[in-house]
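Listed below, chain by chain, are the residues.
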Amino acid sequence: MRSRADVVVVGGGIIGVAVAFYLAKRKFGQIVIVEKEPFLGAGSTSKAAGGIRAQFSTKANIEMSMLSEKLFCQFKEDTGSEALFDQVGYLFALSEDADVKTYTKQYELQRSVGLNVQLLKPEDIPTYAPHIRIDDIKLATFCHDDGLGDPSEFLRGYEKADREMGVGIEMECEVTGIARNGDKVTTVRTSKGDISTPLIVNCAGAWSALIARMAGGDVKVEPYKRQCVTTGELDFVKPFFPMVVDVKSGLYFHKESKGLLLGWADKDMKSSFDVSIEPDYTDTIIEKALDRIPQLETAEIANQWAGLYETTPDHQAIIGWDTEVQGLFHVTGFSGHGFMHAPAAGVVTSEIVAGQKPTIDISSLGPERFARGLVHHETNVI
Ligand SMILES: Cc1cc2nc3c(=O)[nH]c(=O)nc-3n(C[C@H](O)[C@H](O)[C@H](O)COP(=O)(O)OP(=O)(O)OC[C@H]3O[C@@H](n4cnc5c(N)ncnc54)[C@H](O)[C@@H]3O)c2cc1C
(Lines give C-alpha, C1' and ligand atoms only; values in the text may rest on other atoms or scores of the structure.)
Protein backbone atom coordinates (compact mmCIF):
# COMPACT_ATOMS: atom_id res chain seq x y z
CA MET A 1 0.00 0.00 0.00
CA ARG A 2 1.20 3.52 -0.76
CA SER A 3 2.38 5.39 2.33
CA ARG A 4 1.64 8.80 0.84
CA ALA A 5 -0.98 10.19 -1.54
CA ASP A 6 -2.09 13.54 -2.90
CA VAL A 7 -5.65 12.59 -2.00
CA VAL A 8 -7.22 9.75 -0.04
CA VAL A 9 -10.83 8.97 -0.94
CA VAL A 10 -12.51 7.26 2.01
CA GLY A 11 -15.20 4.82 0.85
CA GLY A 12 -15.39 2.70 -2.27
CA GLY A 13 -19.06 3.11 -3.11
CA ILE A 14 -20.42 4.76 -6.26
CA ILE A 15 -19.53 8.24 -4.92
CA GLY A 16 -15.94 7.31 -4.08
CA VAL A 17 -15.21 5.70 -7.46
CA ALA A 18 -16.87 8.58 -9.36
CA VAL A 19 -14.96 11.22 -7.38
CA ALA A 20 -11.68 9.34 -7.99
CA PHE A 21 -12.53 9.11 -11.71
CA TYR A 22 -13.00 12.86 -12.17
CA LEU A 23 -9.97 13.70 -10.01
CA ALA A 24 -7.83 11.25 -12.02
CA LYS A 25 -9.07 12.73 -15.31
CA ARG A 26 -7.71 16.06 -14.07
CA LYS A 27 -4.38 14.36 -13.31
CA PHE A 28 -4.72 15.28 -9.67
CA GLY A 29 -1.70 13.18 -8.64
CA GLN A 30 -1.57 10.04 -6.51
CA ILE A 31 -5.13 9.07 -5.62
CA VAL A 32 -5.94 6.22 -3.23
CA ILE A 33 -9.41 4.86 -2.47
CA VAL A 34 -9.65 3.04 0.87
CA GLU A 35 -12.58 0.68 1.44
CA LYS A 36 -13.15 -1.30 4.63
CA GLU A 37 -15.05 -4.16 2.99
CA PRO A 38 -13.56 -6.89 0.73
CA PHE A 39 -15.26 -5.45 -2.39
CA LEU A 40 -16.31 -2.05 -3.75
CA GLY A 41 -19.97 -1.08 -3.50
CA ALA A 42 -20.55 -3.26 -0.42
CA GLY A 43 -22.32 -0.41 1.40
CA SER A 44 -25.49 1.31 0.17
CA THR A 45 -24.49 1.20 -3.51
CA SER A 46 -25.21 -2.53 -3.82
CA LYS A 47 -28.63 -1.98 -2.13
CA ALA A 48 -29.85 0.83 -4.41
CA ALA A 49 -32.98 0.37 -6.50
CA GLY A 50 -31.29 1.89 -9.57
CA GLY A 51 -33.62 4.85 -10.05
CA ILE A 52 -32.28 7.92 -11.89
CA ARG A 53 -34.51 10.99 -12.04
CA ALA A 54 -34.35 14.75 -12.30
CA GLN A 55 -37.83 15.44 -10.90
CA PHE A 56 -36.84 17.15 -7.65
CA SER A 57 -38.08 20.15 -5.70
CA THR A 58 -34.80 22.11 -5.45
CA LYS A 59 -32.88 23.69 -8.31
CA ALA A 60 -29.58 22.20 -7.12
CA ASN A 61 -30.97 18.65 -7.14
CA ILE A 62 -32.63 19.09 -10.54
CA GLU A 63 -29.37 20.37 -12.02
CA MET A 64 -27.28 17.65 -10.32
CA SER A 65 -29.58 15.06 -11.92
CA MET A 66 -29.65 16.70 -15.35
CA LEU A 67 -25.84 16.71 -15.44
CA SER A 68 -25.72 13.12 -14.17
CA GLU A 69 -28.26 11.93 -16.76
CA LYS A 70 -26.12 13.47 -19.51
CA LEU A 71 -23.02 11.72 -18.11
CA PHE A 72 -24.83 8.37 -17.69
CA CYS A 73 -25.74 8.62 -21.41
CA GLN A 74 -22.10 9.14 -22.44
CA PHE A 75 -20.65 6.70 -19.90
CA LYS A 76 -19.07 4.42 -22.52
CA GLU A 77 -17.29 7.33 -24.25
CA ASP A 78 -16.05 8.65 -20.92
CA THR A 79 -14.97 5.44 -19.18
CA GLY A 80 -14.68 2.83 -21.95
CA SER A 81 -17.17 0.52 -20.20
CA GLU A 82 -20.71 -0.40 -21.18
CA ALA A 83 -23.44 0.42 -18.64
CA LEU A 84 -27.08 0.82 -19.57
CA PHE A 85 -29.07 3.91 -18.60
CA ASP A 86 -32.55 2.69 -19.56
CA GLN A 87 -34.60 5.87 -20.05
CA VAL A 88 -38.02 4.38 -19.34
CA GLY A 89 -39.10 7.50 -17.44
CA TYR A 90 -40.34 8.28 -13.93
CA LEU A 91 -44.03 8.76 -13.24
CA PHE A 92 -45.28 10.43 -10.04
CA ALA A 93 -48.96 9.53 -9.50
CA LEU A 94 -50.87 12.10 -7.44
CA SER A 95 -54.16 11.39 -5.69
CA GLU A 96 -54.27 14.19 -3.08
CA ASP A 97 -55.15 17.81 -3.88
CA ALA A 98 -52.22 19.06 -1.78
CA ASP A 99 -49.80 16.87 -3.76
CA VAL A 100 -51.26 18.06 -7.08
CA LYS A 101 -50.53 21.63 -5.97
CA THR A 102 -46.99 20.84 -4.76
CA TYR A 103 -46.02 18.78 -7.81
CA THR A 104 -47.47 21.34 -10.23
CA LYS A 105 -45.22 23.95 -8.60
CA GLN A 106 -42.25 21.57 -8.84
CA TYR A 107 -43.13 20.91 -12.49
CA GLU A 108 -42.96 24.65 -13.17
CA LEU A 109 -39.54 24.91 -11.50
CA GLN A 110 -38.28 21.82 -13.39
CA ARG A 111 -39.50 23.25 -16.73
CA SER A 112 -37.85 26.59 -15.94
CA VAL A 113 -34.52 24.77 -15.47
CA GLY A 114 -34.98 23.06 -18.85
CA LEU A 115 -36.23 19.63 -17.80
CA ASN A 116 -38.45 17.89 -20.31
CA VAL A 117 -41.17 16.94 -17.81
CA GLN A 118 -44.87 16.73 -18.63
CA LEU A 119 -48.22 16.57 -16.85
CA LEU A 120 -50.30 13.45 -17.56
CA LYS A 121 -54.01 12.94 -17.17
CA PRO A 122 -54.92 9.77 -15.22
CA GLU A 123 -56.29 8.10 -18.37
CA ASP A 124 -52.83 8.42 -19.98
CA ILE A 125 -51.14 6.41 -17.19
CA PRO A 126 -52.01 2.90 -18.50
CA THR A 127 -50.12 3.72 -21.72
CA TYR A 128 -46.97 3.77 -19.62
CA ALA A 129 -47.85 1.55 -16.66
CA PRO A 130 -50.72 -0.86 -17.33
CA HIS A 131 -52.72 -2.46 -14.50
CA ILE A 132 -52.15 0.40 -12.10
CA ARG A 133 -55.32 1.40 -10.24
CA ILE A 134 -56.07 4.96 -11.37
CA ASP A 135 -59.59 5.61 -10.05
CA ASP A 136 -58.29 7.95 -7.32
CA ILE A 137 -55.43 9.52 -9.33
CA LYS A 138 -55.92 13.21 -10.18
CA LEU A 139 -52.73 13.98 -12.07
CA ALA A 140 -49.27 12.56 -12.80
CA THR A 141 -45.93 14.07 -13.73
CA PHE A 142 -43.74 12.16 -16.17
CA CYS A 143 -40.23 12.67 -17.49
CA HIS A 144 -39.00 10.39 -20.23
CA ASP A 145 -35.35 11.34 -19.69
CA ASP A 146 -35.45 9.70 -16.23
CA GLY A 147 -35.03 5.97 -15.88
CA LEU A 148 -33.05 3.09 -14.46
CA GLY A 149 -29.48 1.87 -14.25
CA ASP A 150 -27.63 -0.94 -12.55
CA PRO A 151 -25.46 0.70 -9.85
CA SER A 152 -22.94 -2.15 -9.87
CA GLU A 153 -22.47 -1.85 -13.67
CA PHE A 154 -21.63 1.86 -13.34
CA LEU A 155 -19.46 1.22 -10.28
CA ARG A 156 -17.43 -1.43 -12.16
CA GLY A 157 -17.01 0.94 -15.12
CA TYR A 158 -15.63 3.70 -12.89
CA GLU A 159 -13.46 1.19 -10.99
CA LYS A 160 -11.88 -0.11 -14.22
CA ALA A 161 -11.21 3.41 -15.51
CA ASP A 162 -9.82 4.46 -12.11
CA ARG A 163 -7.36 1.55 -12.10
CA GLU A 164 -6.33 2.30 -15.71
CA MET A 165 -5.57 5.90 -14.70
CA GLY A 166 -3.39 4.69 -11.80
CA VAL A 167 -5.78 5.15 -8.86
CA GLY A 168 -4.74 2.91 -5.96
CA ILE A 169 -7.67 0.90 -4.58
CA GLU A 170 -7.21 -0.67 -1.16
CA MET A 171 -9.86 -3.16 -0.04
CA GLU A 172 -10.26 -4.44 3.53
CA CYS A 173 -8.59 -1.21 4.51
CA GLU A 174 -10.57 0.41 7.28
CA VAL A 175 -9.92 3.99 8.28
CA THR A 176 -9.41 3.95 12.04
CA GLY A 177 -8.19 7.47 12.65
CA ILE A 178 -7.15 10.77 11.09
CA ALA A 179 -4.17 12.76 12.35
CA ARG A 180 -3.86 16.54 12.12
CA ASN A 181 -1.17 19.14 12.44
CA GLY A 182 -3.05 22.09 13.91
CA ASP A 183 -6.21 22.45 11.81
CA LYS A 184 -4.80 20.53 8.84
CA VAL A 185 -5.17 16.82 8.11
CA THR A 186 -1.83 15.04 7.69
CA THR A 187 -2.40 11.29 7.90
CA VAL A 188 -5.10 8.70 7.36
CA ARG A 189 -4.64 5.80 9.80
CA THR A 190 -5.94 2.50 8.42
CA SER A 191 -6.01 -1.17 9.35
CA LYS A 192 -3.26 -1.66 6.73
CA GLY A 193 -1.03 1.23 7.84
CA ASP A 194 -0.76 5.01 7.61
CA ILE A 195 -1.11 7.12 4.47
CA SER A 196 0.22 10.67 4.70
CA THR A 197 -1.87 13.11 2.68
CA PRO A 198 -2.86 16.77 2.63
CA LEU A 199 -6.38 15.97 1.35
CA ILE A 200 -9.11 13.55 2.41
CA VAL A 201 -12.38 13.22 0.50
CA ASN A 202 -15.03 11.73 2.75
CA CYS A 203 -17.22 9.46 0.59
CA ALA A 204 -18.13 7.08 3.39
CA GLY A 205 -21.91 7.41 2.87
CA ALA A 206 -23.90 6.32 5.92
CA TRP A 207 -20.61 6.13 7.89
CA SER A 208 -19.34 9.57 6.88
CA ALA A 209 -20.14 11.27 10.22
CA LEU A 210 -17.83 8.73 11.91
CA ILE A 211 -15.02 9.65 9.48
CA ALA A 212 -15.59 13.38 10.05
CA ARG A 213 -15.44 12.85 13.82
CA MET A 214 -12.10 10.99 13.52
CA ALA A 215 -10.66 14.22 12.11
CA GLY A 216 -12.38 16.40 14.73
CA GLY A 217 -14.87 17.63 12.12
CA ASP A 218 -18.59 17.25 11.67
CA VAL A 219 -20.98 16.25 8.93
CA LYS A 220 -24.72 15.99 9.51
CA VAL A 221 -25.42 12.52 8.10
CA GLU A 222 -27.37 9.75 9.81
CA PRO A 223 -28.09 6.17 8.67
CA TYR A 224 -31.69 5.02 8.14
CA LYS A 225 -32.81 1.55 7.12
CA ARG A 226 -34.73 1.21 3.84
CA GLN A 227 -36.12 -2.04 2.45
CA CYS A 228 -36.96 -3.40 -1.05
CA VAL A 229 -38.75 -6.47 -2.42
CA THR A 230 -38.66 -8.01 -5.91
CA THR A 231 -41.33 -10.21 -7.44
CA GLY A 232 -41.14 -13.17 -9.81
CA GLU A 233 -42.13 -12.83 -13.48
CA LEU A 234 -45.23 -10.75 -14.26
CA ASP A 235 -46.78 -10.76 -17.72
CA PHE A 236 -47.96 -7.13 -17.59
CA VAL A 237 -44.47 -5.73 -17.06
CA LYS A 238 -43.34 -4.61 -20.51
CA PRO A 239 -39.81 -3.43 -21.39
CA PHE A 240 -40.79 0.27 -21.27
CA PHE A 241 -42.43 0.04 -17.82
CA PRO A 242 -41.30 3.22 -15.98
CA MET A 243 -40.45 3.89 -12.35
CA VAL A 244 -43.80 4.72 -10.73
CA VAL A 245 -44.09 6.60 -7.46
CA ASP A 246 -47.43 6.50 -5.66
CA VAL A 247 -46.93 9.79 -3.87
CA LYS A 248 -49.73 9.35 -1.30
CA SER A 249 -48.50 6.00 0.03
CA GLY A 250 -44.79 6.53 -0.72
CA LEU A 251 -44.64 3.22 -2.60
CA TYR A 252 -42.34 3.09 -5.62
CA PHE A 253 -41.94 0.32 -8.19
CA HIS A 254 -40.15 -0.39 -11.44
CA LYS A 255 -39.39 -3.34 -13.67
CA GLU A 256 -36.66 -5.59 -12.39
CA SER A 257 -35.76 -8.52 -14.60
CA LYS A 258 -39.23 -9.81 -15.68
CA GLY A 259 -41.00 -8.71 -12.51
CA LEU A 260 -41.19 -5.60 -10.35
CA LEU A 261 -39.00 -4.09 -7.67
CA LEU A 262 -41.14 -2.59 -4.89
CA GLY A 263 -39.85 -0.17 -2.28
CA TRP A 264 -41.11 2.14 0.42
CA ALA A 265 -39.46 4.28 3.08
CA ASP A 266 -40.71 3.78 6.61
CA LYS A 267 -40.30 7.38 7.76
CA ASP A 268 -40.90 6.38 11.42
CA MET A 269 -37.73 4.26 11.43
CA LYS A 270 -35.13 5.40 14.01
CA SER A 271 -31.59 6.09 12.84
CA SER A 272 -29.33 3.02 13.13
CA PHE A 273 -26.84 0.91 11.18
CA ASP A 274 -29.13 -2.15 11.35
CA VAL A 275 -29.74 -3.77 7.93
CA SER A 276 -31.64 -6.88 9.02
CA ILE A 277 -34.76 -7.64 6.95
CA GLU A 278 -37.94 -6.96 8.92
CA PRO A 279 -40.94 -9.11 7.94
CA ASP A 280 -43.38 -6.35 9.00
CA TYR A 281 -41.58 -3.88 6.72
CA THR A 282 -41.94 -6.33 3.81
CA ASP A 283 -45.64 -6.89 4.63
CA THR A 284 -46.30 -3.15 4.55
CA ILE A 285 -44.61 -2.82 1.16
CA ILE A 286 -46.70 -5.70 -0.23
CA GLU A 287 -49.91 -4.25 1.26
CA LYS A 288 -49.29 -0.85 -0.35
CA ALA A 289 -48.36 -2.53 -3.65
CA LEU A 290 -51.54 -4.67 -3.70
CA ASP A 291 -53.61 -1.57 -3.15
CA ARG A 292 -52.10 0.15 -6.20
CA ILE A 293 -51.53 -2.95 -8.43
CA PRO A 294 -54.29 -5.49 -7.59
CA GLN A 295 -52.85 -7.93 -10.16
CA LEU A 296 -49.93 -8.54 -7.82
CA GLU A 297 -52.12 -10.87 -5.77
CA THR A 298 -50.63 -13.93 -7.42
CA ALA A 299 -47.06 -12.60 -7.52
CA GLU A 300 -44.28 -14.39 -5.70
CA ILE A 301 -41.54 -12.69 -3.73
CA ALA A 302 -38.22 -13.32 -5.48
CA ASN A 303 -35.87 -11.41 -3.20
CA GLN A 304 -35.77 -8.80 -0.47
CA TRP A 305 -33.06 -6.77 1.21
CA ALA A 306 -32.39 -3.80 3.46
CA GLY A 307 -29.78 -1.07 3.17
CA LEU A 308 -29.03 2.39 4.52
CA TYR A 309 -30.01 5.82 3.31
CA GLU A 310 -27.31 8.35 4.28
CA THR A 311 -29.67 11.11 5.35
CA THR A 312 -29.16 14.81 6.07
CA PRO A 313 -31.59 17.07 7.96
CA ASP A 314 -32.79 18.70 4.69
CA HIS A 315 -32.49 15.60 2.43
CA GLN A 316 -29.93 17.31 0.22
CA ALA A 317 -26.34 16.14 -0.24
CA ILE A 318 -23.42 17.74 1.58
CA ILE A 319 -20.65 18.67 -0.83
CA GLY A 320 -17.87 20.95 0.40
CA TRP A 321 -15.00 21.62 2.77
CA ASP A 322 -15.40 20.78 6.44
CA THR A 323 -16.08 23.96 8.39
CA GLU A 324 -13.41 23.21 11.05
CA VAL A 325 -10.80 20.89 9.54
CA GLN A 326 -8.56 21.97 6.67
CA GLY A 327 -8.01 19.38 3.94
CA LEU A 328 -11.22 17.46 4.69
CA PHE A 329 -13.82 17.54 1.91
CA HIS A 330 -17.25 15.89 2.27
CA VAL A 331 -19.25 14.32 -0.58
CA THR A 332 -22.03 12.55 1.23
CA GLY A 333 -25.58 12.66 2.59
CA PHE A 334 -27.38 12.06 -0.69
CA SER A 335 -30.45 10.95 1.28
CA GLY A 336 -31.53 8.21 -1.15
CA HIS A 337 -30.20 9.85 -4.36
CA GLY A 338 -26.51 8.98 -4.29
CA PHE A 339 -26.45 6.61 -7.22
CA MET A 340 -28.19 9.04 -9.55
CA HIS A 341 -26.09 12.00 -8.39
CA ALA A 342 -22.71 10.22 -8.47
CA PRO A 343 -21.46 11.48 -11.88
CA ALA A 344 -22.35 15.12 -11.11
CA ALA A 345 -20.93 14.80 -7.58
CA GLY A 346 -17.66 13.57 -9.08
CA VAL A 347 -17.50 16.48 -11.54
CA VAL A 348 -18.26 19.26 -9.05
CA THR A 349 -15.96 17.80 -6.40
CA SER A 350 -13.03 17.62 -8.81
CA GLU A 351 -13.69 21.23 -9.85
CA ILE A 352 -13.92 22.64 -6.30
CA VAL A 353 -10.91 20.68 -5.05
CA ALA A 354 -8.93 22.02 -8.03
CA GLY A 355 -9.92 25.55 -6.98
CA GLN A 356 -12.37 26.12 -9.83
CA LYS A 357 -15.96 27.33 -9.91
CA PRO A 358 -18.21 24.25 -10.19
CA THR A 359 -20.20 23.69 -13.39
CA ILE A 360 -23.40 23.76 -11.32
CA ASP A 361 -24.20 26.21 -8.54
CA ILE A 362 -24.08 23.92 -5.51
CA SER A 363 -23.61 26.68 -2.93
CA SER A 364 -26.82 25.43 -1.25
CA LEU A 365 -25.15 22.04 -0.61
CA GLY A 366 -22.21 23.28 1.50
CA PRO A 367 -21.73 21.83 5.03
CA GLU A 368 -21.87 25.34 6.55
CA ARG A 369 -25.55 25.77 5.60
CA PHE A 370 -26.81 24.18 8.84
CA ALA A 371 -24.89 26.52 11.16
CA ARG A 372 -25.91 29.49 9.02
CA GLY A 373 -29.58 28.49 8.91
CA LEU A 374 -29.53 28.52 5.08
CA VAL A 375 -31.37 25.24 4.67
CA HIS A 376 -33.69 24.42 1.73
CA HIS A 377 -35.52 21.14 2.21
CA GLU A 378 -35.79 18.69 -0.65
CA THR A 379 -39.40 17.57 -0.37
CA ASN A 380 -39.52 15.05 -3.21
CA VAL A 381 -37.87 12.21 -1.28
CA ILE A 382 -38.95 8.60 -1.67
C1 LIG B 1 -32.99 0.29 -0.42
C2 LIG B 1 -32.27 1.43 -1.08
C3 LIG B 1 -32.70 1.88 -2.32
C4 LIG B 1 -32.03 2.95 -2.95
N5 LIG B 1 -32.43 3.34 -4.19
C6 LIG B 1 -31.78 4.33 -4.82
C7 LIG B 1 -32.15 4.71 -6.14
O8 LIG B 1 -33.08 4.15 -6.72
N9 LIG B 1 -31.43 5.70 -6.75
C10 LIG B 1 -30.41 6.34 -6.11
O11 LIG B 1 -29.82 7.25 -6.70
N12 LIG B 1 -30.03 6.00 -4.87
C13 LIG B 1 -30.69 5.01 -4.21
N14 LIG B 1 -30.32 4.66 -2.96
C15 LIG B 1 -29.30 5.45 -2.28
C16 LIG B 1 -27.92 5.04 -2.76
O17 LIG B 1 -27.75 3.66 -2.57
C18 LIG B 1 -26.87 5.82 -1.96
O19 LIG B 1 -27.20 7.19 -1.94
C20 LIG B 1 -25.50 5.66 -2.61
O21 LIG B 1 -25.19 4.30 -2.78
C22 LIG B 1 -24.45 6.34 -1.76
O23 LIG B 1 -23.20 5.99 -2.28
P24 LIG B 1 -21.91 6.18 -1.41
O25 LIG B 1 -20.77 5.79 -2.24
O26 LIG B 1 -21.94 7.54 -0.79
O27 LIG B 1 -22.14 5.19 -0.17
P28 LIG B 1 -21.79 3.64 -0.03
O29 LIG B 1 -22.11 2.86 -1.23
O30 LIG B 1 -22.40 3.20 1.26
O31 LIG B 1 -20.22 3.68 0.11
C32 LIG B 1 -19.58 4.12 1.28
C33 LIG B 1 -18.46 3.14 1.52
O34 LIG B 1 -17.66 3.61 2.61
C35 LIG B 1 -17.13 2.47 3.23
N36 LIG B 1 -16.65 2.83 4.56
C37 LIG B 1 -17.39 3.21 5.62
N38 LIG B 1 -16.60 3.43 6.68
C39 LIG B 1 -15.34 3.20 6.28
C40 LIG B 1 -14.08 3.24 6.94
N41 LIG B 1 -13.97 3.55 8.25
N42 LIG B 1 -12.97 2.92 6.25
C43 LIG B 1 -13.05 2.59 4.90
N44 LIG B 1 -14.22 2.50 4.25
C45 LIG B 1 -15.35 2.82 4.93
C46 LIG B 1 -18.32 1.52 3.27
O47 LIG B 1 -17.93 0.18 3.47
C48 LIG B 1 -18.95 1.76 1.91
O49 LIG B 1 -18.55 0.82 0.93
C50 LIG B 1 -30.95 3.59 -2.30
C51 LIG B 1 -30.51 3.12 -1.05
C52 LIG B 1 -31.16 2.06 -0.45
C53 LIG B 1 -30.67 1.59 0.88
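This is a predicted model, so every value here is computed, not measured.

K.L.:
Any chance you could break down the sheet that holds strand 3 (residues 51-52) for me, citing the residues and the numbers?
P.N.:
Two strands in a sheet stick together by hydrogen bonds in their backbones, pointing the same way (parallel) or opposite ways (antiparallel). An order of 3-8-4 is seen for the three strands of this open sheet, with the pairing classed as antiparallel. Looking at strand neighbours, the two that pair on one side only are strand 3 and strand 4 (85-86), the edges of this open sheet. Of the pairings in the sheet, the one linking strand 3 to strand 8 (residues 147-149) comprises two bridges and is antiparallel in character. Note on strand 8: the bridge partner recorded for I52 is G147.

K.L.:
Tell me about the domain arrangement of the chain, and please be specific about residues and values.
P.N.:
Taken as a whole, the chain is organised into domain 1 (7-50 + 152-221 + 314-372) and domain 2 (90-144 + 223-311). Just the C-alpha atoms count here: the centres of domain 1 and domain 2 sit 30 Å apart. Between domain 1 and domain 2, the contact holds 14 residues from the first and eleven residues from the second. For the side of domain 1 that touches domain 2, a count of residues per class yields four nonpolar, nine polar and one charged.

K.L.:
Could you give an account of unusual backbone geometry, with specific residues and numbers?
P.N.:
With a phi angle near 55°, K27 is a residue other than glycine that sits in the positive phi range. Structurally, K27 is set in the loop between helix 1 (14-25) and strand 2 (31-34). Given 9 C-beta atoms within 10 Å, K27 falls into the exposed group.

K.L.:
I'd like a description of the site of the ligand, backed by residues and values.
P.N.:
In the vicinity of the ligand, 42 residues are found, and the nearest of them are G11, G13, G43, G205 and G338. Elements with a contribution of two residues or more to the shell around the ligand: helix 1, strand 14 (222-231), strand 18 (301-311) and helix 9 (338-353). The residue inventory of the shell around the ligand, partitioned by class, reads 18 nonpolar, 17 polar and seven charged. Counting residues domain by domain, the shell around the ligand receives three or more from each of domain 1 (7-50 + 152-221 + 314-372) and domain 2 (90-144 + 223-311).

K.L.:
Account for the UniProt feature "domain: FAD dependent oxidoreductase" (unreviewed entry) in the chain, naming residues and giving values.
P.N.:
Using the residue numbers shown here, the UniProt feature "domain: FAD dependent oxidoreductase" (unreviewed entry) corresponds to residues 6-351. End-to-end, the C-alpha atoms of residues 6-351 are 16 Å apart, and along that stretch the chain is 29% helix and 29% strand.

K.L.:
Lay out the pairing of strand 11 (residues 184-190) in plain terms, naming residues and giving numbers.
P.N.:
Where strand 10 (residues 175-181) meets strand 11, six bridges bridge the pair, whose relative direction is antiparallel. Note on strand 11: the bridge partner recorded for A179 is T187. Counting the residues that bridge the hairpin from strand 10 to strand 11 gives two residues, and of these G182 lies at a positive phi of roughly 65°. As defined by bridge partners, strand 11 adjoins strand 12 (residues 193-196) across four bridges and the pair is classed as antiparallel. Considered in strand 12, the bridge of T187 is made with S196. What sits between the antiparallel neighbours strand 11 and strand 12 is a turn of two residues.

K.L.:
I'd like a rundown of the environment of P38, residues and numbers included.
P.N.:
Tracing the chain through its elements places P38 in the loop between strand 2 and strand 3. Once you skip the residues sitting within four places of it in the chain, P38 turns out to touch M171 and E172.

K.L.:
Break down the packing of helix 1 against helix 6 (residues 151-164) for me, with residues and values.
P.N.:
Contact pair helix 1 / helix 6: the axes reach a minimum separation of 9 Å and the direction vectors enclose 35°. Read as a crossing pair, helix 1 and helix 6 show a hand that is left-handed. Contacts between helix 1 and helix 6 involve I14, V17, A18, A20, F21 and A24 on the former and, on the latter, P151, F154, L155, Y158, E159, A161 and D162. The residue inventory of the contact of helix 1 with helix 6, partitioned by class, reads eleven nonpolar, no polar and two charged.

K.L.:
So what's going on with the sheet that holds strand 6 (residues 117-120)? Which residues, and what values?
P.N.:
Pairing in this open sheet of eight strands is mixed, and the strands run 6-7-5-15-16-17-14-18 from one edge to the other. A single partner strand is all that each edge strand has here, and the edge strands are strand 6 and strand 18. Within this sheet the neighbouring strands show an average axis-to-axis angle of 20°, counted without direction. Here strand 14 runs beside strand 18; their pairing, made up of ten bridges, is antiparallel.

What counts and what doesn't
Residues numbered from 1 in each chain as written. Predicted model: local features only at pLDDT ≥ 70, side-chain atom pairs only at ≥ 80, totals over all residues. Pairing = 2+ DSSP bridges. Helix = DSSP H or I, 4+ residues; strand = E, 2+ residues; numbered from the N terminus. Domains from an automatic or database assignment. Contact = placed C-beta atoms within 7 Å. Nonpolar A, V, L, I, M, F, W, Y, C, P; charged D, E, K, R; others polar. Buried ≥ 20, exposed ≤ 12 C-beta atoms within 10 Å, placed from the backbone. Near = placed C-beta within 6 Å. UniProt positions renumbered as here; feature names shortened; annotations may be inferred. Axes fitted to C-alpha atoms, helices over the stretch in contact; angles between N-to-C directions. Left-handed = near helix turned anticlockwise from the far one by under 90°.

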